[in-house]
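# What the coordinates show
Single-letter residue listing:
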Amino acid sequence: MLKRWVLLAASWAFVGLPVAAVAEEGGFALMHAGTDIDNLESLQRGARNFMNYCSGCHSLKYLRYNRMAEDLKIPEAELAANLMFTTDKAFDTINVAMPAESEVWFGKQPPDLSLIARARGTDYLYSFLHGFYADKTRPWGVNNLYLPAAAMPHVLQAQQGLQKPVFKSEPDEKGGARMVMTGVEMMTPGAMKPEEYDQFVRDLVNFLDYAGEPIKSRRQALGLWVTLFLLVFFAFAYLLKKEYWKDIH
Ligand code: HEC
């Protein structure tokens, strides 16, 4: 029995590992996304942001347009006019117009983002989209705090602006000094105020969280009802048990 518990504990420790590793990537603390999967307006804005700024390179191959429209209560005319850029059939999945050569352009193919929120977590996505900074050594002139040597250009530069790295000097092992990057600060402000950009990215990440598990909000609500039912059922079952055993004791 003890062995089983030890094995179980060990397996949990391993499950925890990748998450910890992600949080440590790049060495910078993650920001808090503060998303709310029940906020329909935020999800609608997030869908619009995704279609306009991300769907040119990234697909959501497990999500269909019509499912999204139904879940997010987007009218059909609105869907066809403003959100469906890659097809004219609402039952198609959200594919990408990007040809296979994209790997040559970027060095890496832009990944499908259907499950990215489940793989990386919402805080990581929120941080990643805040993490671009100027770096002349990179092909697109930008790097990312949370994904060092990222192959993705800073597609939201017009909105966020461009940040620059901040360094401090630290003594190294040989008695000299080396420059260590401690964070970033705004160099050229973008069209949005920082709070506006935060909200823009929060909506986008909220939408990616929805895309990773379209049933999440319903599952959570249902879970509450099932728990309530079990509590009430327990009360009745207990009374019944008392009634049955009354004559025996
Ligand atoms: C011009 C093409 C392009 C556009 C537009 C684009 N991306 Fe990317 N994206 C990439 C490429 C290329 C990668 C692969 C980066 C890598 O692994 O180094 C990537 C990777 C990512 C990743 C994975 C990061 C990781 O940790 O592996 C996320 C998340 C992401 N993009 C989100 C977005 C979002 C959200 C948008 C819309 C605001 C967007 N991308 C728009 C090209 C693009």
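In case you missed it, the structure is sitting above this.
Because the structure is a prediction, the values reported are computed rather than measured.

Cut-offs and rules
- Residues numbered from 1 in each chain as written.
- Predicted model: local features only at pLDDT ≥ 70, side-chain atom pairs only at ≥ 80, totals over all residues.
- Heavy atoms only, no water.
- Donors = N, O, S within 2.8 Å, 3.2 Å for Na, K, Ca; no water.
- Tetrahedral: all angles 85-135°; square planar, octahedral: opposite > 155°, others 65-115°.
- Helix = DSSP H or I, 4+ residues; strand = E, 2+ residues; numbered from the N terminus.
- Buried < 20%, exposed > 50% of the residue type's maximum accessible area, 1.4 Å probe, protein only.
- 1 Å grid on protein atoms, 1.4 Å probe; cavity = no way out; pocket = protein on both sides within 12 Å on 5 of 7 lines; lining within 4 Å.
- Points joined across faces, edges and corners; volume = space filled by probe spheres on them.
- Nonpolar A, V, L, I, M, F, W, Y, C, P; charged D, E, K, R; others polar.
- Near = heavy atom within 4 Å.
- Polar contact = N/O pair within 3.5 Å; in protein donor to acceptor, adjacent residues only side chain to side chain.
- Sits in = over half its atoms within 2 Å of the grid points.
- Pairing = 2+ DSSP bridges.
- Expected span 1.5 Å × (residues − 1).
- Contact = heavy atoms within 4.5 Å.

### Some details on the coordination of the iron atom of the ligand
Bound to the iron atom of the ligand are the protein donor atoms His-58 (NE2) and Met-152 (SD), situated 2.0 to 2.1 Å from the metal. If you look at the iron atom of the ligand, its 6 donor atoms make angles of 87 to 179° with each other, and the shape they trace is octahedral. Remark: Met-152 occurs in the loop between strand 4 (142-144) and helix 8 (157-160) and His-58 occurs in the loop between helix 2 (40-53) and strand 1 (60-64); sequence separation between them is 94 residues. Just as His-58 is buried, Met-152 falls in that class too.

### Section: the layout of surface pockets
Its volume calculated, the largest pocket comes out at about 630 Å³. Lining the largest pocket are 27 residues, and of these His-58, Pro-111, Phe-128, Leu-147 and Met-152 lie nearest its centre. Contributions of two or more residues to the lining of the largest pocket are made by helix 6 (116-120), helix 7 (122-128) and helix 9 (194-212). Top contributing element to the lining of the largest pocket by residue count: helix 7, with 3 residues. Broken down by class, the residue content of the lining of the largest pocket amounts to 23 nonpolar, 2 polar and 2 charged. Surrounding the second largest pocket, Ile-37, Asp-38, Leu-40, Leu-43, Glu-70, Asp-71, Leu-72, Lys-73, Tyr-210, Pro-214, Ser-217 and Arg-218 form its lining. Taken together, the elements giving at least two residues each to the lining of the second largest pocket come down to helix 2, helix 3 (65-71) and helix 10 (216-245). Taken together, the residues that form the lining of the second largest pocket break down as 6 nonpolar, 1 polar and 5 charged.

### Topic: the site of the ligand
Inspection of the region around the ligand gives 23 residues, with Cys-54, Cys-57, His-58, Tyr-124 and Met-152 positioned closest. Within the side chain of His-58, one N or O atom sits 2.7 Å away from a nitrogen atom of the ligand. At 2.7 Å from an oxygen atom of the ligand is found a side-chain nitrogen or oxygen belonging to Arg-120. Put simply, the ligand lies in the largest pocket. Listing elements by their share of the shell around the ligand, those giving two or more residues are helix 6 and helix 7. For the shell around the ligand, the leading source of residues is helix 7, giving 3 residues. The class makeup of the residues in the shell around the ligand is 20 nonpolar, 1 polar and 2 charged.

### Overview of the pairing of strand 6 (residues 177-189)
Where strand 5 (residues 161-171) and strand 6 come together, 11 bridges link them in antiparallel fashion. Opposite Glu-170, over in strand 6, you have Arg-178 as the bridge partner. Adjacent in sequence and paired antiparallel, strand 5 and strand 6 are bridged by 5 residues, among which Gly-175 carries a positive phi angle near 85°.

### Let's talk about helix 2
The terminal C-alpha atoms of helix 2, which comprises 14 residues, lie 20 Å apart, in line with the 20 Å expected from a rise of 1.5 Å per residue. Packing partners of the buried residues in helix 2 comprise strand 1, helix 3, helix 4 (76-83), strand 2 (93-94) and helix 9. The N-capping residue of helix 2, defined by a side-chain oxygen 3.3 Å from the backbone nitrogen of Glu-41, is Asn-39.

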